[in-house]
Amino acid sequence: MSGLASYASHENRSRGRRFAEPAPPYRSEYQRDRDRIVHSTAFRRLVYKTQVFVNHEGDLYRTRLTHSLEVAQIARTIAHALDLNEVLSEAICLAHDVGHTPFGHAGQDALNACMADFGGFEHNLQSLRIVDELEEHYADFDGLNLTFECREGILKHCSYNNALQLGELGERFINRQQPGLEAQLANFADEIAYNNHDVDDGIRAGLISVEQLQGVPLFAEYHAEVRERYPKLAGRRLVYEILRRMINRLVTDLIDSSAARLAGSGVVSVADVRSQPAPLIGFSDTTRKLNLALKTFLRDHVYKHYKVRRMTSKAGRVIAALFEAFFDDPGLMPEEHESTASRLELSQGPAGRARAVADYIAGMTDRYAILEHRRLFDPGERT
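A. The arrangement of the side chain of Asn291 in detail. On the secondary structure map, Asn291 appears in helix H15 (residues 285–303). Asn291 gets classed as buried once you look at its relative accessible area, which sits at 2%. Not counting the four nearest positions on each side in its chain, Asn291 is found in contact with Glu191, Asn195, Leu250 and Phe283.

What follows is the structure, encoded as structure tokens:
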């Protein structure tokens, strides 16, 4: 890709794939990564996985799929402005949530509690597990065989002990190095997307109001701006006009602040980026504080709202009940998952069986998890 900065991820300098493959004739290596992610089973399932509101609660709320598309769009804008690799940034963002459980973070927390004695559960590691092992598309290898740079971007967090098991992918966590810039910007694109669409969905759901949000400085600033220019505007259009300005502010600030940081750092290569004491992509101090205030508001008024907590409480009980039933009797799972549980138990003991159960549950959509729960525990439901 021409026009890339020297410190961007150039595919001819990629650390490659786990299994060697001939170069694609009509697309780049990172385009191949993106295409494999889009065609994966795990990516398709995101359409029925919770972002904040469970899928069946309404058709207009964000799902993990629409969230991932919004994140990828924001990331491409940032990457283009900073002369970074747009396609790699897009691929990372499209894949970053494929390991998420049903029912969002509530599902992850419940599954992590179930797996406490068996290595725990973390959705970033599960995303990597999916693209490295669990997807079944290709004759020559398990997983999607993505490039190192894409896999690195997917693995946003990792404990020291887990990093020790990941070979070269775990090195940056062990050595306290930074990831590539495309991975760094993907984290911020994710945050920009979910903060702003959670405002939109929270208003749509009636959990928060425009009046309440005027206590949030970033929202209040653009509410006043929109009201001054369009005094008669109301309803959905008012909210959208405010949010598009908020997103533009955050994206613009991120680009300008990151560009200044890159210029001042003197980095000229990916190796230089990795050796920095802190990430080079980030907001200015002023915008970081404004964004933090928005996040705090959402935490207190949306994520802790009693209606959301009711659903997350139910979700946790569903996940815990499914895990207990399948772990106690793997024969309750479909044959392919029961077979995997038996195979992993032979090599890893109970932890292997637990991991197979976690893989099955994590791969469920919201509605499939609810249906499986009914099949197992409701005598009136057909099995």
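B. Fine view of the environment of His67. Tracing the sequence through the fold places His67 in helix H3 (residues 64–81). Sequence-wise, His67 and Glu335 are 268 residues apart; in three dimensions their C-alpha atoms are separated by 32 Å. A distance of 3.4 Å separates polar atoms of two side chains, one belonging to His67 and the other to His96.

C. Focus on a positive patch on the surface. A cluster of basic residues, Lys307, Arg310, Lys314 and Arg317, forms a positive patch on the protein surface. Looking at the secondary structure, you find Lys307 in helix H16 (residues 306–328). The partly exposed category is assigned to Lys307, whose relative accessible area is 46%.

D. Main features of the packing of helix H4 (residues 86–95) against helix H10 (residues 181–204). Where H4 contacts H10, the axes come no closer than 9 Å and their chain directions differ by 50°. By the angle between their axes, H4 is oblique relative to H10. For the crossing formed where H4 meets H10, the hand is right-handed. Touching Leu88, Ser89, Ile92 and Cys93 of H4 are Glu182, Ala183, Leu185 and Ala186, all from H10. Of the residues assigned to the contact of H4 with H10, the class counts are six nonpolar, one polar and one charged.

E. Broad picture of helix H6 (residues 123–134). If you check H6, its first and last C-alpha atoms are just 14 Å apart, much less than what twelve residues at 1.5 Å a residue would give, namely 16 Å. With nine of twelve residues buried, H6 is to be regarded as a mostly interior element. Of the positions making up H6, those classed as buried are His123, Asn124, Gln126, Ser127, Leu128, Arg129, Ile130, Val131 and Asp132. Looking at the buried residues of H6, the elements they touch are helix H2 (41–45), H4, helix H5 (104–114), helix H7 (148–154), helix H17 (335–348) and helix H18 (350–362). Of the residues that open H6, the one with a side-chain oxygen 2.8 Å from the backbone nitrogen of Asn124 is Glu122.

F. Highlighting the environment of Gln108. Positionally, Gln108 belongs in helix H5. Note: C-alpha distance between Gln108 and Ala315 (207 residues apart in sequence) is 9.9 Å. With near-sequence residues (within four places) excluded, Gln108 lies in contact with His100, Thr101, Phe121, Glu122 and His123.

G. Examining H5 more closely. Residues Gly104, Ala106, Gly107, Gln108, Ala110, Leu111 and Cys114 constitute the buried set of H5. Along its buried surface, H5 packs onto H3, H6, H16 and H18.

H. How the structure looks around the pattern of salt bridges. Under the criterion given, the structure shown has 29 salt bridges. Across the pair Glu168 and Arg15 runs a salt bridge whose closest N-O atoms are separated by 3.3 Å. Taken together, the residues Glu168 in the loop between helix H8 (160–163) and helix H9 (171–174) and Arg15 in the segment before helix H1 (29–38) connect sequence positions 153 residues apart. Judged by its relative accessible area of 40%, Arg15 falls in the partly exposed class. The salt bridge partner of Arg34 is Asp35, with a shortest N-O separation of 3.1 Å.

I. Quick look at a negative patch on the surface. Among the surface-exposed residues, Glu136, Asp142, Glu324, Asp328, Asp329, Glu335, Glu336 and Glu338 lie close enough to one another that they form a single negatively charged patch. Contributions of two or more residues to the negative patch are made by H16 and H17. Per element, the largest residue contribution to the negative patch is three residues, and it comes from H17. With respect to the helices, strands and loops of the structure, Asp329 is situated in the loop between H16 and H17.

Reading the values: rules and limits
- Residues numbered from 1 in each chain as written.
- Predicted model: local features only at pLDDT ≥ 70, side-chain atom pairs only at ≥ 80, totals over all residues.
- Heavy atoms only, no water.
- Helix = DSSP H or I, 4+ residues; strand = E, 2+ residues; numbered from the N terminus.
- Buried < 20%, exposed > 50% of the residue type's maximum accessible area, 1.4 Å probe, protein only.
- Contact = heavy atoms within 4.5 Å.
- Polar contact = N/O pair within 3.5 Å; in protein donor to acceptor, adjacent residues only side chain to side chain.
- Patch = residues over 30% accessible without salt bridge, like charges linked within 9 Å, V, L, I, M, F, W, Y side chains within 5 Å.
- Areas by Shrake-Rupley, 256 points an atom, 1.4 Å probe, with all protein chains shown as cover.
- Salt bridge = Lys/Arg side-chain N within 4 Å of Asp/Glu carboxyl O.
- Lys, Arg positive; Asp, Glu negative; His and termini not counted.
- Charge placed at Lys NZ, Arg CZ, Asp CG, Glu CD.
- Axes fitted to C-alpha atoms, helices over the stretch in contact; angles between N-to-C directions.
- Parallel < 35°, antiparallel > 145°, perpendicular 65-115°, else oblique.
- Left-handed = near helix turned anticlockwise from the far one by under 90°.
- Nonpolar A, V, L, I, M, F, W, Y, C, P; charged D, E, K, R; others polar.
- Expected span 1.5 Å × (residues − 1).

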